Amino acid sequence: MNGFDTPPTQYEAIIIGAGPVGLFTAVLLGQYGVHTLVVERRQQMYTYPRAIGIDDETMRAMQTTGIAETQLPQLRYSPTIEYLSPVGYSRFQPPDTPGPFGHPFLATFLQPRLEAGLRARLADLPSVELREGIEFVDFDEAGGIVTLMRDADGQDLRASARFLLACDGGRSRVRQQLGVELLGDTQEEKWLVVDVRDDDILAAAMGSLHQDTADQPMVSISLPEGLRRIECRLSAAAARAETVGPKLIQDALRPLIADHPVDVVRAAVYERYFRHAEQLRDGNVFLLGDAAHLVPPYGGQGLCSGVRDAINLSWKIAFVLQGRLPADILHSYDIERGGHLARTVAFVRHLARRIEGDSGEAPDARELSVEDQRRAKPAPEYELGFFDEKACGGKMFPQPVVLYEGTAQPLDNFLGHGFAVLARTHSRISAIGWRALLGADTVVVQVRAHGEPSKREPGVQVLDDPTGDLVRAIGDADFVVLRPDRFVFAAYRDAMAPRIAECLSAWQLSGGGVR
C-alpha cells in the first residue's frame with residue numbers, strides 16, 4: 001500500500017462485488033444518501049441465469065429498493081418444482097397468493113433481469129458510483145479503510161472509506177485477507193446444473209417416468225421466459241470430467257429424457273457447500289452474501305440470505321454515518337444475521353438430505369406442502385439484537401393490505417425508510433413525541449379497525465384494516481415500533497412507552513433524518 005503520492009478518493013462506504021447482493025446493498029445505502037463506491041472485476045454483467053429462486057422476504061425487499069413495479073411482473077409465480085431420488089418422486093408447487101409478508105412464498109426469476117433492474121435503480125441515486133473492470137487487491141485500516149484496486153489496464157487505484165463491505169462471492173478475497181474461517185463442510189460430490197429451453201417432453205419428464213426412483217437425484221424447476229432448470233448429481237466418473245460439454249450433459253439427462261435433444265442456455269458443475277463464516281464483521285469490514293455463507297440453492301436461500309444481509313446492515317450503517325446511532329449498533333449485524341445463518345445452513349442441509357433420499361427418509365407425500373418447504377427457511381426472526389426481546393421484538397412484521405382514503409395498498413408503501421410506529425386509535429402517544437424519540441423521518445400511522453371511529457392527528461396517516469390482519473398482528477399492544485428493515489423493535493401498551501426510551505438510550509440514539 002506504500003509508494004502512492006496521490007491521496008485516495010474519499011467515500012463513506014466501498015462495496016466489493018456488483019452481483020445481486022452488492023447491488024441491493026448499494027441501492028439501500030444510496031437511498032439514504034450514503035456516498036458509496038461499488039467495484040466489480042467483470043467488465044459486464046452475466047447474461048445467463050444463475051440464482052433462480054426468490055422468496056417473499058426478497059420480494060418485499062424489492063419494494064424497499066423501489067424496483068417492485070418493474071421486477072415483480074417478471075417473476076414466475078407458482079413454479080413447478082420436482083424432485084426425483086432413490087426414495088421416490090415428489091412435487092412442490094407454491095401458491096401464487098400472497099402470504100403474511102405481502103407476497104407469494106416462492107417464485108422463480110432470471111438473475112440478469114434482476115441485476116438490470118437494480119442497476120437502473122442505481123442510476124437514479126447520485127451518491128452511488130459503480131465502476132466495472134476494477135479488481136480488488138488489498139486494504140488496510142490505518143486512518144480509515146484504504147482500499148487498493150487495479151483496473152483492466154493494470155493501473156493501481158486507491159479509495160478510502162469508513163466501511164468496507166465484501167460482496168465478492170464464495171472465494172471472497174476480502175474474507176481471506178481477514179483470515180475469517182468458513183464453518184461447516186464441502187461435500188465431495190458434484191452436481192450438474194443446466195438451464196434449457198423448455199418443451200412438453202421436458203415439462204412432463206419427471207412426473208411421467210415409469211420408475212418411481214432414480215439412482216442419481218434430480219431436480220426440475222420451471223423458470224420465466226420458457227426456460228427450465230435441471231440439476232442432477234453426477235456419477236463419480238462424470239464428476240471427473242474436465243469440461244462441461246454436450247456429451248456430459250446428454251449422458252447426465254439420459255435417465256430423464258433418453259435421447260431427446262435439448263437447447264442448452266447455460267451449464268455448469270458445482271460442488272455442494274454447507275458453510276457460513278465464523279464471524280460477519282471485523283472492525284468496519286463486513287461480509288455479505290456468498291462471502292459470508294454458502295449453501296445449495298434449495299428455496300433460493302443462497303441469494304435470499306444475502307439480500308437479508310443487505311437489508312439488515314444497510315440502514316444501520318446509514319444511521320451511524322448520520323449520527324443517529326452509535327457505532328456499537330453494528331455489533332447487532334453479526335449477532336442477528338450470524339445466528340440466523342447458522343440455522344439456515346442447518347435447515348437447508350436437512351431439506352437436501354430429505355429431497356435427495358440421502359437420509360433414507362421418503363417424502364411424506366408426492367405433493368410437498370408449503371410447510372414442508374418452510375423447513376428450508378427458518379422464520380425471519382432473531383433471538384438477540386437491537387430490539388426488546390421481551391416485547392415481541394426481533395420478528396419480521398407482516399405486511400397486510402391496508403386502505404388509505406379508500407385505496408388498497410400494501411403496508412410498506414406507507415412506512416418510508418426510517419423507523420415506523422403503528423398505533424391503535426386509542427393510543428395516547430403523540431406523533432411529535434415519537435419523532436422526537438426516533439427521528440424526524442419517523443412515519444406514524446393510526447391503525448383503524450373496520451367501523452372503528454378515530455380522531456385524526458396532524459402528521460399522522462390513518463390506515464383502515466379491511467381484513468383485520470393488521471390489528472391481529474398488533475395484538476394486545478397499543479403501538480408497535482418497527483425498525484427500518486420492518487423487524488419489530490418493540491410492542492407495548494401506552495404505559496410501557498418509557499421503556500422504548502430506555503432501550504434506545506442504551507444505544508445513545510441522537511437526532512437526524514434520512515437524506
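Note that the coordinates shown come from a computational prediction; the quantities given were computed from them, not determined experimentally. (Residues numbered from 1 in each chain as written. Predicted model: local features only at pLDDT ≥ 70, side-chain atom pairs only at ≥ 80, totals over all residues. Heavy atoms only, no water.)

Q: Could you give an account of the side chain of Asp412, with specific residues and numbers?
A: Position of Asp412 among the secondary structure elements: in the loop between strand E22 (407-410) and strand E23 (420-424). For Asp412, a relative accessible area of 12% gives the class buried. Engagement of the side chain of Asp412 in a polar contact is seen with the side chain of Arg60, the distance being 2.7 Å. Excluding residues that lie within four positions of it along the chain, Asp412 makes contacts with Arg60, Gln63, Gln399 and Arg486. (Helix = DSSP H or I, 4+ residues; strand = E, 2+ residues; numbered from the N terminus. Buried < 20%, exposed > 50% of the residue type's maximum accessible area, 1.4 Å probe, protein only. Polar contact = N/O pair within 3.5 Å; in protein donor to acceptor, adjacent residues only side chain to side chain. Contact = heavy atoms within 4.5 Å.)

Q: Go over the packing of helix H12 (residues 431-438) against helix H14 (residues 498-505), please, and point to the residues and values.
A: Packing of H12 against H14 leaves a shortest axis separation of 11 Å and a crossing angle of 15°. As the angle between them shows, H12 and H14 are arranged roughly parallel. In this structure, H12 crosses over H14, and the sense of that crossing is right-handed. In contact with Trp434, Leu437 and Leu438 of H12, H14 contributes Ile500, Ala501 and Leu504. Tallied by class, residues from the contact of H12 with H14 come to six nonpolar, no polar and no charged. (Axes fitted to C-alpha atoms, helices over the stretch in contact; angles between N-to-C directions. Parallel < 35°, antiparallel > 145°, perpendicular 65-115°, else oblique. Left-handed = near helix turned anticlockwise from the far one by under 90°. Nonpolar A, V, L, I, M, F, W, Y, C, P; charged D, E, K, R; others polar.)

Q: So what's going on with the state of the cysteines? Residues and values would help.
A: Here a disulfide denotes one covalent bond, and it connects the sulfur atoms of two cysteines. All chains considered together, the criterion is met by zero disulfides. In this structure Cys167 is a free cysteine whose sulfur lies 15 Å from that of Cys304, the closest cysteine sulfur available. You can call Cys167 buried: its relative accessible area is 11%. Classification of Cys304 by relative accessible area gives buried; the value is 0%. (Disulfide = S-S within 2.5 Å.)

Q: Run through the sheet that holds strand E10 (residues 134-140), naming residues and quoting values.
A: The strands making up a sheet associate through backbone hydrogen bonding, with each pair oriented either parallel or antiparallel. Across the sheet, four strands lie side by side as E1-E12-E11-E10; this open sheet has mixed pairing. Edge positions in the open sheet fall to strand E1 (9-10) and E10, since each of these has one partner strand only. Note: E10 against strand E11 (residues 145-151), six bridges, orientation antiparallel. Residue Phe139 lies in a different strand from E11, and its bridge partner there is Thr147. (Pairing = 2+ DSSP bridges.)

Q: I'd love a proper account of the environment of Ser314, names of residues and values included.
A: Among the secondary structure elements, Ser314 is positioned in helix H9 (residues 301-321). Separated by 171 residues in the primary sequence, Ser314 and Asp485 have C-alpha atoms spaced 9.1 Å apart. If we skip the residues at most four places from it in the chain, Ser314 touches Leu28 and Leu29.

Q: Any chance you could break down the packing of helix H1 (residues 20-31) against helix H4 (residues 111-122) for me, citing the residues and the numbers?
A: In contact at an axis separation of 10 Å, H1 and H4 are set at 25° when each is read in the N-to-C sense. Considering the angle they form, H1 stands roughly parallel to H4. The crossing of H1 and H4 is left-handed. For the pair formed by H1 and H4, the contact residues are Pro20, Leu23, Phe24, Ala26, Val27 and Gln31 on the first element and Gln111, Leu114, Glu115, Leu118, Arg119, Arg121 and Leu122 on the second.

Q: An account of the packing of aromatic side chains is needed here, citing residue identities and associated values.
A: Under the counting rule described, the total for this entry stands at 14 aromatic pairs. With a centroid separation of 6.3 Å and an interplanar angle of 35°, the aromatic rings of Phe136 and Phe139 are classed as tilted. Assigned by exposure class, Phe136 and Phe139 land together as buried. Ring geometry for Phe419 against Phe489: centres 6.4 Å apart, planes inclined by 90°, an arrangement best described as edge-to-face. Here Phe419, found in the loop between E22 and E23, pairs with Phe489, found in strand E27 (residues 488-492); they are 70 residues apart in sequence, far enough to count as distant. Relative accessible area serves as the criterion here: at 0%, Phe419 is assigned to the buried category. Assessed through its relative accessible area of 1%, Phe489 is described here as buried. (Phe/Tyr/Trp six-rings, centres within 6.5 Å; stacked < 30°, edge-to-face > 60°.)

Q: Break down the pattern of salt bridges for me, with residues and values.
A: For the coordinates displayed, the defined rule picks out 28 salt bridges. Note that Asp309 is salt-bridged to Arg337, the shortest N-O span being 2.7 Å. Highlighted residues: Asp309 in helix H9 and Arg337 in helix H10 (residues 331-356), separated in sequence by 28 residues. Like Arg337, Asp309 is buried. Across the salt bridge formed by Asp485 and Arg483, the nearest N and O atoms sit 2.7 Å from each other. Residues joined in a network through salt bridges with shared partners are Lys247, Asp251, Arg254 and Asp259. (Salt bridge = Lys/Arg side-chain N within 4 Å of Asp/Glu carboxyl O.)

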